[in-house]
Amino acid sequence: MAAPKEAPLQPGWTSCRPRLRNGIYLHYVVAEPPDGFGRPLATLVLVHGWPDCWFGWRRQLAPLAAAGFRAVAVDCRGYGGSSAPSEDVAYAHEQLCEDMACVL
């Protein structure tokens, strides 16, 4: 499922596209617990399958944040607003895992 060009974000959600230390630009959306909740219980990284993007997790973000978690829905490299390297080796499991580690 492709995200709309400008997918609407709920209050408390933040869209990010930083350049990671491995040189990849990775887009993700963060949903934080409500104000007054205190420190998040944990950070949950939601990783989509093929051929999806962060938007596939949109219905889970709000309930997870309301339960006290920081939920991060990622556009994996090659999808959505993330970098799409042309080399096949850039999509090896080791590279994808490194991307997720950089997000954390």
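Look up a bit, the structure's there.
Residues numbered from 1 in each chain as written. Predicted model: local features only at pLDDT ≥ 70, side-chain atom pairs only at ≥ 80, totals over all residues. Heavy atoms only, no water.

With that settled, consider the sheet that holds strand S3 (residues 43–47). Working definition: the strands of a sheet are paired by backbone hydrogen bonds and lie parallel or antiparallel to each other. Read from one edge to the other, the open sheet built from four strands follows the order S1-S2-S4-S3, with strand pairing classed as mixed. With partners counted over all chains shown, the strands left at the sheet margins are strand S1 (13–16) and S3, one partner each. With strand direction ignored, the average angle separating the axes of adjacent strands in the sheet is 20 degrees. Relative to strand S4 (residues 70–74), S3 runs parallel, the two being bridged by five bridges. Each bridged residue has a counterpart across the sheet, and for Thr43 the counterpart in S4 is Arg70. (Pairing = 2+ DSSP bridges. Helix = DSSP H or I, 4+ residues; strand = E, 2+ residues; numbered from the N terminus. Axes fitted to C-alpha atoms, helices over the stretch in contact; angles between N-to-C directions.)

A few words on the environment of Pro11. Examined against the element boundaries, Pro11 turns out to sit in the segment before S1. Between the C-alpha atoms of Pro11 and Pro63, which are 52 residues apart in sequence, the distance is 13 Å.

Attention shifts here to the state of the cysteines. By the definition in use, this model includes zero disulfides. The thiol of Cys97 is not disulfide-bonded; the next cysteine sulfur, from Cys76, is found 9.9 Å away. We classify Cys97 as exposed; its relative accessible area is 53%. Unpaired in this structure, Cys102 has its nearest cysteine sulfur neighbour in Cys97, at a distance of 11 Å. Residue Cys102 is classed as buried on the basis of its relative accessible area of 15%. (Disulfide = S-S within 2.5 Å. Buried < 20%, exposed > 50% of the residue type's maximum accessible area, 1.4 Å probe, protein only.)

This part takes up helix H1 (residues 58–66). Among the residues of H1, those classed as buried are Arg58, Leu61 and Ala65. Along H1, the residues classed as buried sweep out an arc of 35 degrees about the axis, all on the same side. Turned more than 90 degrees away from the buried face of H1, the exposed residues are Arg59 and Ala66. On its buried side, H1 packs onto S1, strand S2 (28–31), S3 and S4. Looking one or two residues past H1, Gly68 carries a phi angle of roughly 105 degrees, positive in sign. (Arc of directions from axis to C-beta. Contact = heavy atoms within 4.5 Å.)

Turning our attention to helix H2 (residues 93–103). When we look at burial in H2, the residues that qualify are Asp99, Met100, Cys102 and Val103. One side of H2 carries all its buried residues, which in axial view fall inside an arc of 160 degrees. Looking at H2, the residues exposed on the side facing more than 90 degrees away from the buried face are His93, Glu94 and Cys97. If you follow the buried residues of H2, they end up packed against S2, S3 and S4.

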